[in-house]
Amino acid sequence: MINPTKKFESLKTILITESLNVFYFGKANAIVTGDKEMLKLRKYKGIKIISLKEYLG
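For every chain, the first residue of its written sequence is number 1, and the numbers climb from 1 along that sequence. Owing to the predicted nature of the model, reporting of local features is limited to residues with pLDDT of at least 70; listing and counting of side-chain atom pairs is limited to 80 or more, with chain, interface and lining totals taken over all residues. To get the side-chain values, take all heavy atoms of the structure and skip hydrogens and water.

1. As for the sheet that holds strand S2 (residues 43–44)
Strand-to-strand pairing in sheets goes through backbone hydrogen bonds, with the strands running parallel or antiparallel.
Move 1: Taking strand neighbours across the sheet as the criterion, the three strands line up as S1-S3-S2 in an open arrangement whose pairing is mixed. Both edges of this open sheet fall to strand S1 (30–32) and S2, since each of them pairs with a single strand only. Pairs of strands are assigned from DSSP output, requiring at least two bridges between the strands. Only DSSP runs of H or I with at least four residues qualify as helices, and only runs of E with at least two residues qualify as strands; both kinds are numbered from the N terminus onward.

Next up, the structure:
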């Protein structure tokens, strides 16, 4: 029996993390997205994460 000692992140999680870092280092004020996982975060390192509907207000 194999007992993994390390948890593996899903590809989607890795892509979201990389995208968030790009926005952070690019000094974005907000992220407008339709991605439900990103929208659940609501904020990342001071950057608002909002839907298009919220953006258009």
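2. What about the pairing of strand S3 (residues 47–50)?
Move 1: Both S1 and S3 contribute to a ladder of three bridges, which runs parallel. Bridging across to S3, Ile31 finds its partner in Ile49.
Move 2: Alignment of S2 against S3, held across two bridges, turns out to be antiparallel. Residue pairing for S3: Lys43 is matched across the bridge by Lys48.
Move 3: Linkage of S2 to S3, two consecutive antiparallel strands, is achieved through a turn of two residues, within which Lys45 is found at a positive phi near 45°.

3. Points about the pattern of salt bridges
Two side chains that carry opposite charge are able to pair once their charged atoms sit near each other.
Move 1: A side-chain nitrogen of Lys or Arg and a carboxyl oxygen of Asp or Glu constitute a salt bridge if their distance falls within 4 Å. Tallied over the full model, the rule gives two salt bridges.
Move 2: The partner of Lys12 in a salt bridge is Asp35, with the nearest N and O atoms 2.8 Å apart. Of this pair, Lys12 sits in helix H1 (residues 11–25) while Asp35 sits in the loop between S1 and helix H2 (36–41), placing them 23 residues apart in sequence.
Move 3: Glu54 is paired through a salt bridge with Arg42; the nearest N and O atoms lie 2.9 Å apart. Highlighted residues: Glu54 in helix H3 (residues 52–56) and Arg42 in the loop between H2 and S2, separated in sequence by 12 residues.

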